[in-house]
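These are the residues of each chain, in order.
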Amino acid sequence: MSLECLAIIGKTNEPLYLLDVEKEDDEVTPDENDAFGFVESQQRERLSLEKEFMMHASIDNLEEALGSQRQGKGRASADSKWIGLLCPMEESFIYGYSTSTNIKILAMISDSMEDSREVHLKTLFAKVHNLFVEYMLNPWAGLQNKIESKKFESGIQEAVKVYNETNGIAWA
């Protein structure tokens, strides 16, 4: 099982961070007009259209799961952050995680084994959530702005690398 893409979605379902792991191998060239390095990470803002559609479709399922949680009928308890499988699509599976501040984290994986999927995903979501909290502790970080930070980007890349290596997939 390998991580295909990762998304952090804001309170009003605006994308705060999008990562297409398959496109991650492309080198980002520094901007020649930015001699002092003021421009933060040049993250990939675009997922493939197909993946973007799948993520949008899963947000509906996530909102439904969160709504039923608030009414006490959800798949998880009220204090739980792990939502679980939101929707299987083609050869991919999309999982969700919600923070107490209603920030949503989505991960799309291509799956070959079902055994230890949830344990590794919960660990990945916890790492991403911790990185998000660290980023938000920056007083200049906007609450609804896209995340642009070299430290955050490198932390996400490390978490994805560990996740994919744990599941037997080499990621350069």
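Everything numeric here is computed off the predicted structure, so don't read it as measured data.

Parameters at a glance
- Residues numbered from 1 in each chain as written.
- Predicted model: local features only at pLDDT ≥ 70, side-chain atom pairs only at ≥ 80, totals over all residues.
- Heavy atoms only, no water.
- Helix = DSSP H or I, 4+ residues; strand = E, 2+ residues; numbered from the N terminus.
- Buried < 20%, exposed > 50% of the residue type's maximum accessible area, 1.4 Å probe, protein only.
- Contact = heavy atoms within 4.5 Å.
- Areas by Shrake-Rupley, 256 points an atom, 1.4 Å probe, with all protein chains shown as cover.
- Pairing = 2+ DSSP bridges.
- Axes fitted to C-alpha atoms, helices over the stretch in contact; angles between N-to-C directions.

Novice: Go over the overall build of the protein, please, and point to the residues and values.
Specialist: Looking only at helices and strands, one finds three helices and five strands in the protein. The N-to-C order of helical and strand elements in the protein reads β-β-α-β-β-β-α-α. Every one of the 172 residues in the protein was classed for burial, and the buried ones make up 44%. Sequence separation of 24 or more characterises 61% of the internal contacts of the protein that already satisfy a separation of 6 or more. When the accessible surface of the protein is totalled, it reaches about 9800 Å², and 52% of it is carbon and sulfur.

Novice: I'd like to hear about unusual backbone geometry, residue by residue, with values.
Specialist: For Glu90, which is not glycine, the phi torsion reads 50 degrees and is therefore positive. Within the secondary structure layout, Glu90 lies in the loop between strand S3 (82-89) and strand S4 (92-98). Glu90 gets classed as exposed once you look at its relative accessible area, which sits at 62%. One non-glycine residue, Asn102, adopts positive backbone phi at about 65 degrees. Its place among the elements puts Asn102 in the loop between S4 and strand S5 (104-110).

Novice: I'd love a proper account of the pairing of strand S1 (residues 2-9), names of residues and values included.
Specialist: The element S1 is extensively covered by neighbouring structure, given that eight of its eight residues are classed as buried. Alignment of S1 against S5, held across seven bridges, turns out to be antiparallel. Bridge assignment links Ile8 to a residue of S5, and that residue is Ile105. Summarising the sheet, S1 and strand S2 (residues 15-20) pair through five bridges and their orientation is antiparallel. The residue bridging Ala7 from the neighbouring strand is Leu18, located in S2. Linking two consecutive strands that pair antiparallel, namely S1 and S2, is a turn of five residues; a positive phi of about 65 degrees is found at Asn13 within it.

Novice: If you had to explain the sheet that holds S2 to someone new, which residues and values would you point to?
Specialist: The strand order across the open sheet built from five strands is S2-S1-S5-S4-S3, with neighbouring strands paired in antiparallel fashion. Two strands bound the open sheet, and with one partner strand each, they are S2 and S3. Shown here is a sheet whose adjacent strand axes are inclined to one another by a mean of 20 degrees, direction ignored. As paired elements, S3 and S4 share six bridges and run antiparallel to each other. Within the sheet, the bridge partner assigned to Pro88 lies in S4 and is Phe93. Running over the sheet, helix H3 (residues 150-166) touches S1, S2 and S5 and is turned about 145 degrees from S1.

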